[in-house]
Amino acid sequence: MGWLVLPAVSKCDCLVSALSKWHNVNCTTDDDCNQPHAACYQHLCRCEAGYFYTTKDTCTSTCSTGELQDNFTEYPDSALHVYHLDRLDGLTVEDCKDRCQDDKRCLTFDFRG
C-alpha cells in the first residue's frame, strides 16, 4: 500500500457551474458527461486522470485541499507513481482514507490489498 500526495496549491482557478449531479452518473461515452475534464470511466462520469472533483462540482488539476470533496473516487487497475508522502503496510482502505483526509497535504492515495 502506498499513500500518495500531490503538491497543494494555495489558490484554485476553477470553473464554477450549477450543481449538475453529473459526477458518478451512468454513461456510455465521454460526451455523456458533458463537463470539462470529465470522462466516462467504467460506465460512470468521473474526472479525468490528474483532475480532482471539487466542492464546486468541477474537475480541476490545481485546487487546494480545502476545495476538494471529502470523499474519494475509485479507479480500479490504476496507480500513481510519484509524489509519495508515505508508504505504510497493514492498513485498510478506510484507514488510508482517514489518514489522507486528516493530512491537508494529501490529495489522493493508492491502496494495494
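Just so it is clear, the structure is predicted and the values come from calculations on it, not from any experiment.

**Student:** Go over the state of the cysteines, please, and point to the residues and values.
**Tutor:** Under the defined criterion, the tally for this structure stands at three disulfides. Residue pairing for Cys27: its cysteine sulfur links by disulfide to Cys40, the two sulfurs lying 2.1 Å apart. Looking along the S-S bond of the Cys27-Cys40 disulfide, the torsion reads about 100°, which is the right-handed sense. Note that Cys27 is positioned in the loop between strand E1 (3–4) and strand E2 (38–41) and Cys40 in strand E2, a separation of 13 residues in sequence. Comparing Cys27 with Cys40, the two get one shared label, buried. Looking at the unpaired Cys96, the closest cysteine sulfur is the one in Cys100, lying at 8.8 Å.

**Student:** I'd like a rundown of a negative patch on the surface, residues and numbers included.
**Tutor:** A cluster of acidic residues, Asp30, Asp31, Asp32 and Glu48, forms a negative patch at the surface. Note on placement: Glu48 falls in the loop between strand E3 (44–47) and strand E4 (52–53). According to the relative accessible area criterion, Glu48 is partly exposed, its value standing at 32%.

Cut-offs used in this document
Residues numbered from 1 in each chain as written. Predicted model: local features only at pLDDT ≥ 70, side-chain atom pairs only at ≥ 80, totals over all residues. Heavy atoms only, no water. Disulfide = S-S within 2.5 Å. Helix = DSSP H or I, 4+ residues; strand = E, 2+ residues; numbered from the N terminus. Buried < 20%, exposed > 50% of the residue type's maximum accessible area, 1.4 Å probe, protein only. Patch = residues over 30% accessible without salt bridge, like charges linked within 9 Å, V, L, I, M, F, W, Y side chains within 5 Å. Areas by Shrake-Rupley, 256 points an atom, 1.4 Å probe, with all protein chains shown as cover. Salt bridge = Lys/Arg side-chain N within 4 Å of Asp/Glu carboxyl O. Lys, Arg positive; Asp, Glu negative; His and termini not counted. Charge placed at Lys NZ, Arg CZ, Asp CG, Glu CD.

Geometric descriptors of this kind do not, in isolation, establish any biological role.
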